[in-house]
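Listed here are the chains, written in short residue letters.
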Amino acid sequence: MTSVEVRAGARVYTALIRSGLLETIGSTIGKTLRGPRCAIITDTNVAPRFGNQVKQSLSTAGFEPTLITIPAGEKTKTFEQAGNTCNRMIAAGLDRQSFVIGLGGGVVGDLSGFVAAIFERGIPHVQIPTTLLAMVDSSIGGKTGVNTIAGKNLIGAFHHPSLVIDDVDVLKTLPRREFNQGFAEMVKHAIIADAAMFAGLKENVARASGLRTGTDASGTLALQSLIRRNIEIKSRIVAKDELDRSGERASLNFGHTVGHAIERAVDYAEFLHGEAVSLGIVAACAISMKKAGLPKGQQEAIVELLRAFDLPTRLPPNFPREKIFDALPFDKKFEGGKIRFVVTSAIGSAHLSSDVTKEDIREAVNEL
Ligand code: NAD
């Protein structure tokens, strides 16, 4: 069994990474939580694939699960949806002894975590991520929340999961585009913290499809080890700055300032989150060359790696670029008009710069 101990303040929780974990999910959760009532929050794409299996396994282990299915997609991550879900949990008799399971991608993970944080002033949360992006990123770190019309993730709470269960088999049904976007966050982790993984990711490009389908056992093992390494990187950074106050955790926002603005510019319609982050990484690299001395050769290697995973590195010519700038001030990283922008001087490291101007960002976006 591959597992990682994730530290969060005084608490420690485990992330399990292996194939076949869903088969015994009830007894696995039973080692950490009692319940007996629990809500499995999932979405309309994931429910028909894994909903009943998880529910059945929990029932067999003595739990009383309620399956709550919400519409798939970013637009479901709202305060209203969180409220409706809480009401359904009350109607199903959940109480302070109950817990919440998020079975799905980052959208379900963020929303179910937020529900767990506010229901009865906080009950335990189990993350069962079913996308690569959620496994390597959103399920770790305790950030939960919903979007508002003013921006992404503006309402939320820090609420760490009690357990994270990554069954790599679930990735077999993930569409290729969704699978590839998970690599954007891995490339980000490599850039900000792990030059050796950057080189390793390059080697894995050719095997990416085999990793997804798990057609060969070594592909599955390679994927497990990549997931593990990314969880270790993220949890190490989070442990230094649990509540995102000291600036350490800000390095995880590399590529996200522009990435979020791109998502908002087209109302989350054109790009997946990881794809927008890929474009944001390209912009952050251009700014890093100008303001932090990132060597051109390294910038080129980053762009090449993103392309190798079929991630976008250029905006379509007709993309409404102006809307990206309109979207920038709404981003949480603009505090009191001051821009905190994450740059890299060399692959494997990142720091916050207060040297970056809106003009620098404009230039980088125009080059995209
Ligand atoms: P998502 O949850 O929308 O999942 C992507 C799509 O794949 C959805 O349509 C979903 O129904 C489908 N899907 C999920 N698992 C599947 C499977 N196994 N087989 C087939 N289809 C499946 O999106 P995502 O990319 O996983 O996550 C993006 C979200 O994560 C964004 O809301 C972003 O803000 C959030 N996020 C949060 C953090 C954090 O720290 N909390 C970090 C990064 C991203």
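Here, every reference points to the structure presented above.
Let me begin by describing the structure that accompanies this report. Residue numbers here run from 1 along each chain, matching the order of that chain's written sequence. Reporting in this predicted model follows two pLDDT cut-offs: at least 70 for local features of residues, and 80 or more for side-chain atom pairs to be given and counted; totals over whole chains, interfaces and linings ignore these cut-offs and use all residues. Excluded from the side-chain calculation are hydrogens and water; included are all heavy atoms of the structure.

### With respect to the overall build of the protein
Along the protein, the regular secondary structure elements total 14 helices and 13 strands. When its C-alpha atoms are laid out on the principal axes, the protein stretches across 60 × 45 × 40 Å. Note on classification: 1.4 Å probe, protein chains only; a residue is buried when its accessible area is under 20% of the maximum for its type, exposed when over 50%, partly exposed between these limits. Counting every position in the protein, which comprises 368 residues, the buried fraction comes to 58%. By definition in these notes, contact holds between two residues if any of their heavy atoms fall within 4.5 Å. If you take every contact in the protein between residues at least 6 apart in sequence, the share linking residues at least 24 apart comes to 77%. For the protein, the accessible surface area stands at approximately 14,700 Å², while carbon and sulfur atoms represent 50% of it. Averaged over its 43 positive side-chain charges, the protein has a centre that lies 2 Å from the centre of its 39 negative ones. Helix and strand assignments come from DSSP, with helices taken as H or I runs of at least 4 residues and strands as E runs of at least 2, each series counted from the N terminus. Computed by Shrake-Rupley with a 1.4 Å probe, the accessible areas treat only the displayed protein chains as cover when residues are assessed. For the purpose of charge, His is not counted, nor are the chain termini; Lys and Arg are scored as positive and Asp and Glu as negative. Charge coordinates come from a single atom per side chain, which is NZ of Lys, CZ of Arg, CG of Asp or CD of Glu.

### Comments concerning the pattern of salt bridges
What makes a salt bridge here is a side-chain nitrogen of Lys or Arg within 4 Å of a carboxyl oxygen of Asp or Glu, nothing more. With the rule as written, the count across this model stands at 21 salt bridges. Across the pair Lys75 and Asp267 runs a salt bridge whose closest N-O atoms are separated by 3.1 Å. A residue pair is termed long-range when its members are at least 10 positions apart, and Lys75 in the loop between strand E4 (64-70) and helix H3 (79-91) and Asp267 in the loop between helix H10 (256-265) and helix H11 (273-292) qualify at 192 residues. By relative accessible area, Lys75 is classed as exposed at 57%.

### So, H3
Compared with an ideal rise of 1.5 Å per residue, which puts 13 residues at 18 Å, H3 spans 18 Å between its outermost C-alpha atoms and is within 8% of the ideal. Burial in H3 covers these residues: Gln81, Ala82, Thr85, Cys86 and Met89. Viewed end-on, H3 has its buried residues packed into an arc of 140 degrees, placing them on one side of the element. Turned more than 90 degrees off the buried face of H3, the exposed positions are Glu80, Asn87, Ile90 and Ala91. Where the residues of H3 are buried, they touch strand E3 (37-43), E4, strand E5 (99-104), helix H4 (106-118) and strand E7 (143-148). The first or second residue beyond H3 is Gly93, which carries a positive phi of 85 degrees. Multiplying 1.5 Å by the helix residue count minus one yields the expected span of that helix. Directions are taken from the helix axis to each C-beta atom, and the arc is the one they span.

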